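# Inside the fold
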Amino acid sequence: MAAAAVDSAMEVVPALAEEAAPEAGGLGCLVNLPGEVLEYILCSGSLTAADIGRVSSTCRRLRELCQSSGKVWKEQFRVRWPSLMKHYSPTDYVNWLEEYKVRQKAGLEARKIVASFSKRFFSEHVPCNGFSDIENLEGPEIFFEDELVCILNMEGRKALTWKYYAKKILYYLRQQKILNNLKAFLQQPDDYESYLEGAVYIDQYCNPLSDISLKDIQAQIDSIVELVCKTLRGINSRHPSLAFKAGESSMIMEIELQSQVLDAMNYVLYDQLKFKGNRMDYYNALNLYMHQVLIRRTGIPISMSLLYLTIARQLGVPLEPVNFPSHFLLRWCQGAEGATLDIFDYIYIDAFGKGKQLTVKECEYLIGQHVTAALYGVVNVKKVLQRMVGNLLSLGKREGIDQSYQLLRDSLDLYLAMYPDQVQLLLLQARLYFHLGIWPEKSFCLVLKVLDILQHIQTLDPGQHGAVGYLVQHTLEHIERKKEEVGVEVKLRSDEKHRDVCYSIGLIMKHKRYGYNCVIYGWDPTCMMGHEWIRNMNVHSLPHGHHQPFYNVLVEDGSCRYAAQENLEYNVEPQEISHPDVGRYFSEFTGTHYIPNAELEVRYPEDLEFVYETVQNIYSAKKENIDE
């Protein structure tokens, strides 16, 4: 009977809506059904929220079944936004109808803001104050974030511009939240030794769009601990670590029992699970993200040490972190409790080197130099995180000039959150913002932020007057140039001065010399770069030199380039270009070309017609040849 009721759910709703009073015969038969069957129908998934609203207005019994805190509206909420259910406890009283309304309103607000971003910020990267209207939104932030995730997960190759700005907004919101959590974490007393928690904050900040949580990472480590316990049981079935419960922090004092734990750990980590130090790809940021260390089962000394340390402490072995130069280590005390100890009373563990146990002399041999005793000392959480972020900072400085410097920006944010008065890093941040600010499409607000940073540097260290003065001068010059900028430049293909332009925005091209695939997002009738760039790029060696059209292209490797017309050709096998800025300029990929969004089309209003003509000539002709 229930199955039949579900099948006819969509027929039931119109019938109910037409009934004006409960005396009607059809409705009377329906409401006499058992409550479980009616609830089953209403929760079948075939009915929309509007349907439920109409049903609940027909009679008292159905109104009671559709009460705002009941199962029917909970199911409506769950089906519409399943990812949000993890935020509710089964024991909490929830007005599901009200939650549904608030979530729906937040979704509409989110879409309204996302839709406005392209028009507001097309000519510049989203400025530092561009998110102010988001921060002032009413309602739970998780609802707003959930709508942004829904936009990102929209299927197909459409709504690229929406996805582009939804991603930027979500990135910003999550980073702000994570940074606030990290700052609160850093206020803990020095004896608060949750090294893993701090490392997870760093991981989350650098990967804000990934689903990373301390709970999930801890669960993965707990599963490794279970494997270690299984091995340990084979070594010593009465080992005290086997009696530890989850969350306990007991420590084992007997060296022999500690040694048994470490032997079991080394077997599980390095022999059974095949964890290893990443010698082949050492300078990869993934080696520092704990969730990636667990997925890829590889890392560098500091990340491998934190994993090793966390497991050992859960099993009662009190290892400690050592900020050893060039190679992070752990130390294991061999001396008696309460005795005066020196560096020779410890064994040093190289988690990067499969848990190898080292003496002081072997530690120095490992790095090829003698070091002072102070460098064998234990360090607190903040120092460990400082080293992790310092490694990321070094990697960020390696990024190419065509990249967004996202890793460098993130690592600077993290470092300055821990040490806000580091003059050299503040100066580096000012230079970075200045570099991003001087490009024509970058944010005017970044320029203003440079001045704020420079003023702070001058207060901290007047000795930096020369560097600060240089940046202030050039920053103010940039502000003046921005003031002189006029409105949107419109380029018409029909204009006589553009007669030599052969290609149009949105076309998928291939570079004749370097072979890369790209999409055109702008063009100039001649090279508009300065003499130095023309000389450095050896443009004069081209047959047509700089007196030919040049094209702004987004390349599949993530870079943006300025290519001469004679070096480009149609890509006879067009494919999507995996570039982070595609959505900034284009709204859709059709399979043969990209369609410009409204803002780009305003700047090149006649290009789309040429694109259609080109696609028809190039790809239709190819299809006809294949058919023949």
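Residues numbered from 1 in each chain as written. Predicted model: local features only at pLDDT ≥ 70, side-chain atom pairs only at ≥ 80, totals over all residues. Heavy atoms only, no water.

As recorded in an unreviewed UniProt entry, the protein goes by F-box only protein 21 isoform 1 and comes from Daubentonia madagascariensis.

Now for the sheet that holds strand S4 (residues 329–333). Strand order in this open sheet of four strands is S3-S4-S5-S6, and the pairing throughout is antiparallel. Of all the strands in the sheet, just strand S3 (320–322) and strand S6 (356–358) have a single pairing partner and so form its edges. Geometrically, the sheet is characterised by an average inter-axis angle of 40° between neighbouring strands, direction not taken into account. Two strands pair when backbone bridges link them, and S4 and strand S5 (residues 346–350) are joined in this way by four bridges, in the antiparallel orientation. Paired with Trp332 across the bridge in S5 is Ile347. Where helix H14 (residues 255–272) meets the sheet, its contacts fall on S4, S5 and S6, and the angle it forms with S4 comes to roughly 150°. (Pairing = 2+ DSSP bridges. Helix = DSSP H or I, 4+ residues; strand = E, 2+ residues; numbered from the N terminus. Axes fitted to C-alpha atoms, helices over the stretch in contact; angles between N-to-C directions. Contact = heavy atoms within 4.5 Å.)

This brings us to helix H18 (residues 381–396). Its 16 residues place the ends of H18 22 Å apart at the C-alpha level, agreeing with the 22 Å of an ideal helix rising 1.5 Å per residue. Within H18 the residues assigned to the buried category are Val381, Val384, Leu385, Gln386, Arg387, Met388, Val389, Gly390, Leu392, Leu393, Leu395 and Gly396. (Expected span 1.5 Å × (residues − 1). Buried < 20%, exposed > 50% of the residue type's maximum accessible area, 1.4 Å probe, protein only.)

Moving on, we come to the pairing of strand S9 (residues 550–555). Side-chain positions along a regular strand alternate between the two faces of the sheet. Where burial is concerned, most of S9 is hidden: five out of the six residues are buried. Bridge count between strand S8 (residues 517–524) and S9: six bridges; the pairing is antiparallel. Looking at S9, one finds that Asp524 is bridged to Phe550. Where S9 meets strand S10 (residues 560–564), five bridges bridge the pair, whose relative direction is antiparallel. Within the sheet, the bridge partner assigned to Tyr551 lies in S10 and is Ala563. If you look at the hairpin formed by S9 and S10, you'll find four residues sitting between the two strands, and Gly558 has a positive phi there, around 95°.

For the rest of this paragraph, the subject is the side chain of Arg493. Within the secondary structure, Arg493 sits in the loop between helix H22 (465–484) and strand S7 (508–511). Asp607 provides the closest opposite charge to the buried, unpaired Arg493, separated from it by 4.2 Å. Looking at Arg493, its side chain comes within polar contact range of the side chain of Ser504, at 2.4 Å. (Lys, Arg positive; Asp, Glu negative; His and termini not counted. Salt bridge = Lys/Arg side-chain N within 4 Å of Asp/Glu carboxyl O. Polar contact = N/O pair within 3.5 Å; in protein donor to acceptor, adjacent residues only side chain to side chain.)

Another point: the pattern of salt bridges. Counted according to the given criterion, the structure contains 14 salt bridges. Glu145 serves as the salt-bridge partner of Lys177, at 3.2 Å between the closest nitrogen and oxygen. Placement of the pair is Lys177 in helix H11 (residues 160–186) and Glu145 in helix H10 (residues 141–152), with a sequence separation of 32 residues. What emerges from the salt-bridge pattern is a single network uniting Arg103, Arg111, Asp146 and Glu147.

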